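Structural description and commentary
One letter stands for each residue in the lines below.
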Amino acid sequence: PPIIRRADYVPPAWRVPEVALDFMLDADETWVRATLSVVRADSGAGMPLALDGGGQKLVSLRVDGVPATWRTDGDRILIDLPGNAHRIETECVIHPATNTQLMGLYASGGLLCTQCEAEGFRRITFFPDRPDILSRYTVRMEADRATYPVLLANGDRINGGDLPGGRHWAQWRDPFPKPSYLFALVAGDLAVNRDRFITRSGRGVDLGIWVREGDLPRTGHAMAALKASMAWDERVYGREYDLSVFNIVAVADFNFGAMENKGLNIFNSRYILADPETATDADYDAVAGVVAHEYFHNWSGNRVTCRDWFQLSLKEGFTVFRDQQFSADQGSAAVKRIEDVRLLRAAQFPEDGGPLAHPVRPDSYIEISNFYTATVYNKGAELIRMMATMLGWDRFRRGCDLYFDRHDGQAVTCEDFVRAIEEGGEADLSRFRLWYSQAGTPRVTATLDHHGTAATLRLTQSLAATPGQPVKQPMPIPLRVALFGAETGRRLGEERLIVLEDAAAEIPFEGLAERPVLSINRGFSAPVIVETTRPAADLALLSAHDDDPFARYEALQQLMLDTILADLQGRIDHAPVIAAMRDVLGDAARDPAFVAEAVLPPSEAFVGDHLPAIDPEAVHAARERLRAAIGGALVDDWRGLHDRLKAGAYELTPAAKGGRRLRTIALSYMFAAGAADAAARAWAQFEAADNMTDRQGALAALASSDAAERPRALAAFYDRYRGDALVIDKWFSTQALSTRPDTLRAVIALAAHPDFTLANPNRVRALIGAFAANQRAFHQADGQGYRFVADMILALDPINPQTAARMVPPFGRWRRFDPDRATLMTAELNRILAVPGLSRDVFEQVSKSLA
Ligand code: HT7
Ligand code: ZN
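- An unreviewed UniProt entry lists the protein under the name Aminopeptidase N, from Sphingomonas changnyeongensis.
- In its Cofactor (unreviewed entry) section, UniProt records this for the protein: "Zn(2+)".
- For the protein, the Sequence similarities (unreviewed entry) comment in UniProt is given as "Belongs to the peptidase M1 family."

See below:
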């Protein structure tokens, strides 16, 4: 398949200022009539009009009302046009019911809905389907009234009515020019939660969250989050909503989390529906975070959009940063930062260190859907955060204002963004641009030499080669640094922001009254790996005394990591961790959410990332030994916490959420300690729970155990929630994440369960995605875990290639494992690659993983 390169970008030859679409909707066969007014661009002299297609049937084509001829070029059609402005009319037929890829117009449950980003619009009608073509859309839909009583599209409803034969129609108009990837329509039998928001300039906006009738009671949290997001964007970024309607629709079958279509966001129902009985606290946070993210796109993505898909992080990195700031403002900023960094390390660092590494602004792709990655999203957000840290909020905000004002209504590049921040924020970001072009996670070494009342901090930076980038240059790395007294634990002087510009630097400190202990990359000010050799006592001191909560968390994580790595080399000493943990638990009553984060040991995957060759069984065993030691030494504390944190009536306050999380962690430490009462406590928690957080927490603890209560709890959970897809997803994923040695066998059986289907991406992610993230089970030494996931990828590829391709990256880490596992993993990749007719999506991920 062809490789698309950023360097090959050429501006469009034709513009399409106006589009009129007319849909005769039906699940089996939908007719689409499109009228495009096209205007030749400056660069379009002698060029044909090129319209992308997606395999649909073209029934007729007229130019200025006259039947016309066209040429084909793969899936595109080319039309030679004599003048500079023409009216193009096409008529196509598409089949939503058999659209299992869930791109373009497809059926989900009884609904018809669209997903156009990145290149789905071309599967609906022939169009120059690229984000730098901005058009005003008018959309008419006609459908059977009983089956599709609700007809929604972007913008405002301007007309509609009944028709003979039980049919009806509606017409919508979006006044804002937009790229085709933001087009949307929904038709179906939906109920609505309506509300209203008054913008700061006094305009009223009608809000609607559309769901299946029975789901209406579960939409309150999403609505509250939407209104909070609208107010937040006005207050923090000065951005106001621009239409008089904002609709959200929840659908059960969706490839991603949600989609920011102008004025008509479409959501995976798991990011809309929440009530205490069926959604965990983490689900509640995810709903608010995704609602905010999609809403914020209205400015960072819709009003100012991307010139081409290489610029994806322009909208995604910035919008993730904005949703992270929003969520931090809603609850504990420290806990939010810890969660964000945990995700970055779990999903993005491995990407940066493997064969699929790519820059935040990629240089080439085969299939753009493969580039909706943690690098583009989460590392992209870290780049924005670093700019904000270096400039300070006020200057950064002036840069954002300039960006929005200068580029409103345009399709632009990451370079345009950086230039606006530079000019508006009065900064020089020349070398910072390297962060957009260089892949890989920088390593920073830091050593602090103490001499008398002075000290010298020596820093170096390096960046390993990544595919296509053998040699790298140093980049500006903003490091928040502070020193603490080794005896008193007091901060010595002010925190400093050190920007490491070169390969190495020496930074002097003076006036130190006692031996200093280094606290570096506080708040995770840069997305780098910091290598220091701080003794356990210094880490314990920071864990107890650092005044930056992230650094406190990080110190204990480092101590636990060092302890596990030493164990893997035959040196077992759990005592310093246990002592530090005892200190941290002293804060449990004051800040249970922070303590819950702090006491969790680093994941098996994260430990593996610090080894030259990973043996997942050994990592699992060493981590379990640490958990058992912490569990056993502090068993009375865990038991006490499990008793004390038993909540009264359910509340969704930060304190109640933190308490629930810490309570279930206490339970899991009791299991790790082999406490005789752990299983009975878990069963009691499971049975008495008045919310999903407590119930699933207990279920997860039991699922990894041999307790007699385990099968009872799994059966009771299934019976209670049978028919509720989002909760049954949890039932699948909880079992797929079990650390029991028989997990693979259980997962193979679950894949044959009547409730398992490859047609629903949430279900696939719940079982197969969760299993592939289970280090011990997926990497089972006989290779059967690899075989199972590879079989699933092959079965899914013809149905939904995007979702299939998302299951390939765990195989790409084969170089990190022992030679036997590496051979087994590459054998599966080769087996997949040998299958004829592979999608571009899977082909790209598999072939790059082998390279
Ligand atoms: N901008 C949205 C991306 C998206 C997507 C991409 C590929 C395939 C299907 C998709 N659905 C949504 C989501 C977002 O970042 O807000
Ligand atoms: Zn987004």
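1. Regarding the overall build of the protein
- Per the secondary structure count, the protein includes 27 helices and 31 strands.
- Structurally, the protein occupies a C-alpha span of about 85 × 60 × 60 Å along its principal axes.
- Going through the 851 residues of the protein one by one, you find that 52% of them count as buried.
- Contacts in the protein between residues far apart in sequence, at least 24 positions, make up 69% of those at least 6 positions apart.

2. Re the packing of helix α10 (residues 549–568) against helix α14 (residues 616–633)
- Remark: α10 packs on α14, axes separated minimally by 9 Å, with the N-to-C direction vectors making an angle of 125 degrees. One way to sum up the angle between α10 and α14 is to call them oblique. You can see that α10 and α14 cross each other, and the crossing is right-handed. Contact residues: α10 offers M560, T563, I564, D567 and L568, while α14 offers A618, A622, R623, R625 and L626.
- Residues of the contact of α10 with α14, tallied by class, amount to 6 nonpolar, 1 polar and 3 charged.

3. Here's the deal with the site of ligand 1
- Around ligand 1, a shell composed of 15 residues is seen, among which E117, N255, F256, M259 and Y372 lie nearest.
- Contributions of two or more residues to the shell around ligand 1 are made by β20 (258–259) and α2 (281–296).
- For the shell around ligand 1, the two domains that each supply at least three residues are domain 1 (1–189) and domain 2 (305–437).

4. Some remarks on unusual backbone geometry
- Put simply, E117 and A118 share a cis peptide bond, and its omega is -5 degrees.
- In this fold, A118 is placed in the loop between β11 (111–115) and β12 (135–144).
- If you check the backbone angles, L102 has positive phi at about 60 degrees while not being a glycine.
- Within the secondary structure layout, L102 lies in the loop between β9 (85–94) and β10 (104–108).
- L102 gets classed as buried once you count the C-beta atoms within 10 Å, which come to 24.
- The residue E426 is not glycine, and still its phi comes out positive at about 50 degrees.
- Structurally, E426 can be placed in the loop between α7 (414–424) and α8 (434–437).

5. Quick look at the UniProt feature "domain: Peptidase M1 membrane alanine aminopeptidase" (unreviewed entry) in the protein
- Following the UniProt record, the feature "domain: Peptidase M1 membrane alanine aminopeptidase" (unreviewed entry) maps to residues 222–432 here.
- Helix and strand shares over residues 222–432 are 55% and 9% respectively, and the end C-alpha atoms of the span are 37 Å apart.

6. Notes on the environment of R660
- Relative to the helices and strands, R660 is located in helix α16 (residues 654–672).
- Ignoring anything within four residues of it in the chain, the contact list for R660 reads D281, A647, T693 and D694.

7. Remarks on the domain arrangement of the protein
- Split by domain assignment, the protein resolves into domain 1 (1–189), domain 2 (305–437), domain 3 (443–533) and domain 4 (620–647 + 655–850).
- Taking only C-alpha atoms into account, the centre of domain 1 sits 30 Å from that of domain 2.
- Each partner contributes residues to the interface: domain 1 has 14 residues there, and domain 2 has 14 residues.
- In terms of residue class, the side of domain 1 that touches domain 2 is built from 9 nonpolar, no polar and 5 charged.

8. Points about the nonpolar core
- If you look at the biggest cluster of nonpolar residues, it comprises 238 residues, and the most contacted ones within it are V249 and V789.
- Here V249 is in contact with C113, L152, V186, L190, W210, I266 and F267, once residues within four sequence places are set aside.

9. Structural notes on the sheet that holds strand β28 (residues 496–500)
- One open sheet accounts for 3 strands, arranged β28-β27-β30; its pairing is antiparallel. Here the strands that pair on one side only, and so sit at the sheet edges, are β28 and β30 (516–520). When strand polarity is set aside, the average angle formed by the axes of neighbouring strands in this sheet is 35 degrees.
- Where strand β27 (residues 477–485) and β28 come together, 5 bridges link them in antiparallel fashion. Residue pairing in the sheet places P478 in a bridge with V499 of β28.
- In the packing of helix α9 (residues 536–545) onto the sheet, contacts are made with β27 and β30, and the angle to β30 comes to roughly 65 degrees.

10. Observations regarding the sheet that holds strand β14 (residues 156–163)
- Strands sit in the order β6-β5-β9-β3-β2-β12-β15-β14 across an open sheet of 8 strands; the sheet is mixed. Strand pairing shows two members of the sheet lacking a second neighbour, β6 (66–67) and β14, which therefore form its edges.
- Pairing of strand β2 (residues 14–24) with strand β3 (residues 30–40) involves 9 bridges; the strand directions are antiparallel. Looking across to β3, one finds that V19 is bridged to L36.

11. Points about the pairing of β10
- For β10, the buried fraction is high: 5 of the 5 residues fall into the buried class.
- Sheet analysis places β10 next to β11, joined by 5 bridges and oriented antiparallel. For L105, the partnering residue across the bridge sits in β11 and is T114.
- Joining the antiparallel neighbours β10 and β11 is a turn of 2 residues, in which G109 adopts a positive phi near 60 degrees.

12. Observations concerning the pairing of strand β5 (residues 57–63)
- Sheet topology note: the β5/β9 ladder contains 6 bridges and is antiparallel. Counted as the bridge partner of L58 is C92 from β9.
- Pairing geometry for β5 and β6, over 2 bridges, is antiparallel. Following the sheet pairing, V63 is matched in β6 by V66.
- Hairpin connection of β5 to β6: 2 residues between the antiparallel strands, including D64 at a positive phi of 50 degrees.

13. A short note on the packing of α16 against helix α18 (residues 692–703)
- Two elements in contact, α16 and α18, have axes separated by 10 Å at closest approach and are oriented at 15 degrees. Between α16 and α18, the angle falls in the class roughly parallel. In this structure, α16 crosses over α18, and the sense of that crossing is right-handed. Across from R660, T664, L667, S668 and F671 in α16, the residues of α18 making contact are T693, D694, G697, A698 and A701.
- Considered class by class, the residues forming the contact of α16 with α18 number 4 nonpolar, 4 polar and 2 charged.

14. Topic: the UniProt feature "domain: Peptidase M1 alanyl aminopeptidase C-terminal" (unreviewed entry) in the protein
- Mapped onto this structure's residue numbering, the UniProt feature "domain: Peptidase M1 alanyl aminopeptidase C-terminal" (unreviewed entry) falls at residues 537–851.
- Across residues 537–851 one finds 69% helix and 0% strand; the C-alpha atoms that close the span lie 43 Å apart.

15. Re the environment of I572
- Mapped onto the elements, I572 comes out in the loop between α10 and α11 (575–585).
- For the pair I572 and S519, spaced 53 residues apart in sequence, the C-alpha separation works out to 26 Å.

16. Observations regarding the environment of F432
- Tracing the backbone through its elements, the reader meets F432 in the loop between α7 and α8.
- With 22 C-beta atoms packed within 10 Å, F432 lands in the buried category.
- Ignoring any residue separated from it by four or fewer positions in sequence, one finds F432 in contact with M387 and P476.

17. A closer look at helix α24 (residues 784–796)
- The terminal C-alpha atoms of α24 lie 18 Å apart, and with 13 residues this matches the ideal 18 Å at 1.5 Å per residue to within 8%.
- Residues G785, Y786, F788, V789, A790, M792, I793 and L796 constitute the buried set of α24.
- The secondary structure elements touched by the buried residues of α24 are α21 (743–751), α22 (761–773), α23 (775–778), α25 (801–805), α26 (819–833) and α27 (840–850).

What counts, and where the lines are drawn
Residues numbered from 1 in each chain as written. Chains lettered and ligands numbered in written order. Predicted model: local features only at pLDDT ≥ 70, side-chain atom pairs only at ≥ 80, totals over all residues. UniProt positions renumbered as here; feature names shortened; annotations may be inferred. Helix = DSSP H or I, 4+ residues; strand = E, 2+ residues; numbered from the N terminus. Buried ≥ 20, exposed ≤ 12 C-beta atoms within 10 Å, placed from the backbone. Contact = placed C-beta atoms within 7 Å. Axes fitted to C-alpha atoms, helices over the stretch in contact; angles between N-to-C directions. Parallel < 35°, antiparallel > 145°, perpendicular 65-115°, else oblique. Left-handed = near helix turned anticlockwise from the far one by under 90°. Nonpolar A, V, L, I, M, F, W, Y, C, P; charged D, E, K, R; others polar. Near = placed C-beta within 6 Å. Domains from an automatic or database assignment. Core = buried A, V, L, I, M, F, W, Y, C linked by C-beta atoms within 7 Å. Pairing = 2+ DSSP bridges. Expected span 1.5 Å × (residues − 1).

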